[in-house]
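# Notes for the structure review
Here is what each chain is made of, one letter per residue.
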Amino acid sequence: MTPFQPRLEPLNHTGVWKHWSGYLVAPQYQYSLNAEYYSVRNAVSVLDTSPLFKYRFAGADAGALLGRAMARDIGGCGVGRAQYTCWCDTRGYVLQDGVVMQVAAGEYWLTAAEPSLRHFRNIGREMGLADVSVEDVSNDFGILAVQGPEAHHVISQLTDAADPLKYFGVAQATIAGCPVTVSRTGYTGDLGYELWIPSADALTVWDALMVAGKGHNITPIGTTALKMVRVEAGLLLMGADFHTSRFAWVDAERETPHELGWGWMFSKLAQDDRDFIGRSAIEAEIAGGTSRWKTVGLGVDWHDYERVYTAAGIVPPRHELYSESTMSIYRRGGKEWDYAGYASSFLSSSLLRKPIALAKLPLDLCTAGSEVDLEVSVIRQPKNVLARVERMPFFNPSRKTALMSEGGV
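So, here's what we can say about the structure. Here the structure is a predicted model, which means the values were calculated and not measured. (Residues numbered from 1 in each chain as written. Predicted model: local features only at pLDDT ≥ 70, side-chain atom pairs only at ≥ 80, totals over all residues. Heavy atoms only, no water.)

A word on the sheet that holds strand β3 (residues 44–48). Strand order in the open sheet formed by six strands is β10-β11-β12-β9-β3-β13, and the pairing between neighbours is mixed. The sheet is open, and its two borders are formed by β10 (170–175) and β13 (218–220), each paired with just one other strand. Sheet twist, expressed as the average angle between the axes of neighbouring strands with direction ignored, equals 25°. Alignment of strand β11 (residues 178–183) against strand β12 (residues 192–198), held across three bridges, turns out to be antiparallel. Looking at the pairing, S183 lines up with E194 of β12. (Pairing = 2+ DSSP bridges. Helix = DSSP H or I, 4+ residues; strand = E, 2+ residues; numbered from the N terminus. Axes fitted to C-alpha atoms, helices over the stretch in contact; angles between N-to-C directions.)

What follows is about the environment of R353. Position of R353 among the secondary structure elements: in the loop between β17 (338–349) and β18 (354–361). Sequence separation between R353 and W302 is 51 residues; the distance between their C-alpha atoms is 8.4 Å.

Moving on to the side chain of T159. Mapped onto the elements, T159 comes out in the loop between α5 (151–158) and β10. For T159, a relative accessible area of 9% translates into the label buried. Every residue in contact with T159, bar those within four places of it in the chain, is listed here: A173, T174 and I175. (Buried < 20%, exposed > 50% of the residue type's maximum accessible area, 1.4 Å probe, protein only. Contact = heavy atoms within 4.5 Å.)

This brings us to the packing of aromatic side chains. The full count for this structure, using the stated rule, is 19 aromatic pairs. Ring centres of F4 and W206 lie 6.1 Å apart, and the angle between their planes is 45°; on these two criteria the pair is classed as tilted. Pair noted here: F4 is in the segment before α1 (5–8) and W206 is in helix α6 (residues 202–213), with a separation of 202 residues, a long-range link. The class of F4 is buried, set by a relative accessible area of 0%. A relative accessible area of 3% places W206 in the buried class. Geometrically, the ring pair formed by Y55 and F120 is edge-to-face, given 6.2 Å between the ring centres and 65° between the ring planes. (Phe/Tyr/Trp six-rings, centres within 6.5 Å; stacked < 30°, edge-to-face > 60°.)

Looking at soluble globular proteins, one finds that nonpolar side chains tend to be buried together. Within the largest apolar cluster, 43 residues are counted, with the highest numbers of intra-cluster contacts made by M101, F242, W262 and F266. Only α2 (33–42), β5 (81–88), β6 (94–104), β9 (141–147), α7 (223–232) and β18 provide two or more residues apiece to this core. Ranked by residue count, the leading element in this core is α7, at five residues. Beyond its immediate sequence surroundings of up to four residues, F242 is in contact with V94, D97, L236, L237, E255, L260 and W262. (Core = buried A, V, L, I, M, F, W, Y, C linked by side-chain atoms within 4.5 Å.)

Counted according to the given criterion, the structure contains 23 salt bridges. Between R274 and D272 there is a salt bridge; the shortest N-O distance is 2.8 Å. What emerges from the salt-bridge pattern is a single network uniting D301, R332, E371, D373 and R388. (Salt bridge = Lys/Arg side-chain N within 4 Å of Asp/Glu carboxyl O.)

Bringing the sheet that holds β5 into the picture now. Read from one edge to the other, the open sheet built from five strands follows the order β5-β6-β7-β4-β8, with strand pairing classed as antiparallel. Edge positions in the sheet fall to β5 and β8 (133–136), since each has one partner strand and no second. The mean angle between the axes of side-by-side strands here comes to 25°, regardless of whether they run parallel or antiparallel. Across four bridges, β6 lies against strand β7 (residues 107–112) in antiparallel orientation. The residue of β7 that forms the bridge with Q102 is Y108.

What follows concerns the packing of helix α3 (residues 62–69) against helix α4 (residues 117–127). Interaxial distance between α3 and α4 falls to 10 Å at its minimum, and their mutual angle equals 110°. If you check the angle between α3 and α4, you find them roughly perpendicular. Facing A64, L65, R68 and A69 of α3, the residues of α4 in contact are F120, I123, G124 and M127. A breakdown of the residues in the contact of α3 with α4 according to their chemical character gives six nonpolar, one polar and one charged. (Parallel < 35°, antiparallel > 145°, perpendicular 65-115°, else oblique. Nonpolar A, V, L, I, M, F, W, Y, C, P; charged D, E, K, R; others polar.)

So, in C-alpha cells, the structure goes:
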C-alpha cells in the first residue's frame, strides 16, 4: 500500500483495486469516469503516483553518471530544474523514459516505471566513478500529482514556493510543517504540480491539500482518467505505446527515440560531446534516415466513424471509451486492406468531440494531414474509418506553461 492508502481507501466507491509495481491503486474512485476526467480539465485532480520507482543520485560524479546513462543531455537540467528524458541500450533502443530533477547541486532524483537500480549502478562501476551513490528511495517518498486549471490556486494556499516555478521548475517547500519537493510537472498536459513527500508525512500533507482544495472541487482520480488525458496530451505510456528493449525478443518489438517521436531530445546533438549509451546508433539512424516508423497522433473523422456504426444499426460508442489494444491501420487507395501500421492507444475525447489515437506509421504517411484507414470493430466485424495525422499534443492549453508569478490563469 502507498503512504496515502488510509485516506484513499474510503474514497474508492467502486471497491476495485489493481496492482502497480507491488502497490494497490484504484483505476477509478467514482462510478463516473468522466467526473474524474473533467476534474483534470475543469478544476483540480489529485493522483497518487507513489508506485513509480524513485532513485537518488548524489556525489560529485552524479552528473557524469547521468550524462553517460541518459540520451538527453543532463547538462540542460540545472539546479532547480526537471527534465523529461529517456535511456537506451547500446543499440539505441529505448529502455525507459522518466523525469529527472536536480534538487540540489549534484543531487538528482529520477522516476522510472521499471526497476533500474542495478542498471545505473553498473554504469557507474564500469565508468570507474568514485564519488557517486545511487539509491532506491522508492519507499521513502509518496508522490501526489495535483493537476488541473485550479492546481496553482490550491498549492499557493499551502506554500509560496509554487508562485515563481516555471514549467519543469523544482523548489523545496514546507507544507503543514513537512518538507516537500514541488515540481511544475505532470502527465496530463495541463497546469499541474507534483509533490514528493516523505512517507512519514504523507497523511499530514494529504489532509492539508484536501482542506486547501475543498473550495476548488479537488477530486482524487484513478489511473484510467490519467491515461485518458495523457492521450490528449500526446504522452506515451510504456507497456502500451512502447515496450522496454530489455524484455523484447526481436527488434520489431523495440523502438528508438526517433521512432517514438522524441527526436527533439537531440536537437543540439552537434554541440553535445557526451559519450552516452546508444549515441553511435542514434547518430547513424539520423545520418541514414533509417527510422522504420514514427509515432504520430491520429484524429478520426467523426462522420465516417458514425457512418460505419449507424450502417450496422447501432449507436457509435463514445462514452468513457479508452483502449490500449492494437488497432490496424491501412493505406487508402485502390488496394484494400493495404497494411501500414497500427494504433496503440485510442480515446473518444469528449473534450475534443472526436476519437483520437496514438499510432505508428511509416515515414511517408507521417506528415500532418495524411489520410489513412483505421480499423474498428463493429459488431465483431472489421470496418475502416477515415483518420488523419495530426500534430501533437491534441490538447495544449496555455495555462500549462503560463507564469504564475505574473497572474497566471
